[in-house]
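# Coordinate analysis (summary)
Here are the chains, one letter per residue:
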Amino acid sequence: MKVSETEAMENAPENAVTHPWTRYVAMGDSFTEGIGDPEPASPGGHRGWADRVAEELSRGHEDFAYANLAVRGRLLQQIVDQQLAHCLSLRPDLVTLSAGGNDLIRPGGDPDALAEKLDSVVQILTLAGATVVLFNGPDTGSSVLGRVRSKVAIYNENLRTIAARHDAVIADMWSLRQLNDPQMWDADRLHFSPLGHHTIAAMVLDSLNVEHTLEPLSPKPLPQRSWRQARSGDLVWAREYFVPWVVRRLRNRSSGDGVTAKRPLPGPVFGPGMPLGSGEGPPGAEEPVRP
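Here's a quick rundown of the structure. As the structure is a prediction and not an experimental result, all values here were calculated from the model.

### Regarding the pattern of salt bridges
This model, assessed by the stated rule, comprises 8 salt bridges. Close ionic contact of R52 with D37 constitutes a salt bridge, the shortest N to O distance being 3.0 Å. A residue pair is termed long-range when its members are at least 10 positions apart, and R52 in helix α3 (residues 48–57) and D37 in the loop between α2 (30–33) and α3 qualify at 15 residues. Residue R52 is classed as buried on the basis of its relative accessible area, which comes to 4%. Look at D37 and you get buried, because its relative accessible area is 3%. As a salt-bridge pair, R149 and D139 come within 2.5 Å of each other at their nearest N and O atoms. Here R149 is found in helix α7 (residues 149–166), whereas its partner D139 is found in the loop between β4 (131–135) and α7, with 10 residues between them in sequence.

Take a look at the structure:
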């Protein structure tokens, strides 16, 4: 790994996890998006292993930032075309990249051709200064994807070669035997359950040699909003409310344009009419109005 910022780690707060990264970007497909781990309070309605990893990495690091560019169903070339440039523009120092799985399960999916394409992507990311984490595929022998087990095994070996060439980290899904447990999988048997995502997150952190608080078989609840997340909420507010307000002022317009007052005439504060015995009513009324 291209990380040696020991001074920053030594000066970290007492409750901080020890690592040198400040900006993490996750690239990939449904696996990285977090499908199978529903959480209404999370952006997009899913949490997943990448969110769980970011939650741990952010402990005690107020300047830590995390972006997740993954989109379900994406093939390797689509990930490259749609996510790589965006990722680089964010200047990450840590990138997780899981890609090629959707290609392998398709007829004609070639693990050698996929690896050749992935190699250039990893090279670009590492030359940009990022620590890159690659995911090999899980052992699909006992799953509905057993028919592609041999292709997954070949792809995994190619990934190890890529990692060695570019000093990347392998998150070893194949050796994670806990994934053989059915409770690690979603009901669709294609995606991981919350427990599966939790287990994978712990494995990723272990692969990065980062201490964490993820306990086996005990998924952590979604943490309270951090200062950084609160600031993100401020950005959403600015986009949806403050910026439109400024634009209206520049255009000499108001949010009240076209809206009429709900109480255009003076009247009593309490009740629909005047108090009994007042002898008064709305303008033009001949008889006092009774409630």
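Having seen the model, we can carry on.
### Here's the deal with the packing of helix α6 (residues 111–127) against α7
Between α6 and α7, the least distance of the axes is 9 Å, while the angle of their chain directions is 25°. With respect to α7, the element α6 is oriented roughly parallel. When the axes of α6 and α7 are compared, the crossing they make is right-handed. Contacts between α6 and α7 involve P111, D112, L114, A115, L118, D119, V122, Q123 and T126 on the former and, on the latter, K151, I154, Y155, N158, L159, I162, R165 and H166.

### Some points on the sheet that holds strand β3 (residues 94–97)
The sheet built from 5 strands is open, its strands ordered β2-β1-β3-β4-β5 with parallel pairing. Edge positions in the sheet fall to β2 (65–68) and β5 (169–171), since each has one partner strand and no second. Strand-to-strand twist of the sheet, defined as the mean angle between neighbouring strand axes without regard to direction, takes the value 20°. Bridge count for β4 against β5 is 3 bridges, and the pairing is parallel. When the sheet's bridge partners are listed, F135 is paired in β5 with A171. On top of the sheet, α3 reaches β1 (23–27), β2, β3 and β4; it is set at about 170° to β1, its chief contact. This element, helix α4 (residues 76–89), spans β1 and β3 of the sheet and lies at about 175° to β1.

### Quick notes on the packing of aromatic side chains
Taken as a whole, this structure holds 6 aromatic pairs when the rule is applied. On the basis of an interplanar angle of 35° and a centroid distance of 5.4 Å, the ring pair of F31 and W49 is categorised as tilted. You can see F31 sitting in helix α2 and its partner W49 sitting in helix α3, a full 18 residues away along the chain.

### Some words on the side chain of S30
Position of S30 relative to the elements: it lies in helix α2. Separated by 3.0 Å, the side chains of S30 and H191 make a polar contact. Contacts of S30, omitting those with residues within four sequence positions, involve I35, V71, R72, G73 and H191.

### Describing the pairing of β2
What you see with β2 is a clean split: A65 and A67 sit on the buried side and Y66 and N68 on the side with no burial. Of the pairings in the sheet, the one linking β1 to β2 comprises 4 bridges and is parallel in character. Of the residues in β2, the one forming a bridge with A26 is N68.

Rules of the game
- Residues numbered from 1 in each chain as written.
- Predicted model: local features only at pLDDT ≥ 70, side-chain atom pairs only at ≥ 80, totals over all residues.
- Heavy atoms only, no water.
- Salt bridge = Lys/Arg side-chain N within 4 Å of Asp/Glu carboxyl O.
- Helix = DSSP H or I, 4+ residues; strand = E, 2+ residues; numbered from the N terminus.
- Buried < 20%, exposed > 50% of the residue type's maximum accessible area, 1.4 Å probe, protein only.
- Axes fitted to C-alpha atoms, helices over the stretch in contact; angles between N-to-C directions.
- Parallel < 35°, antiparallel > 145°, perpendicular 65-115°, else oblique.
- Left-handed = near helix turned anticlockwise from the far one by under 90°.
- Contact = heavy atoms within 4.5 Å.
- Pairing = 2+ DSSP bridges.
- Phe/Tyr/Trp six-rings, centres within 6.5 Å; stacked < 30°, edge-to-face > 60°.
- Polar contact = N/O pair within 3.5 Å; in protein donor to acceptor, adjacent residues only side chain to side chain.

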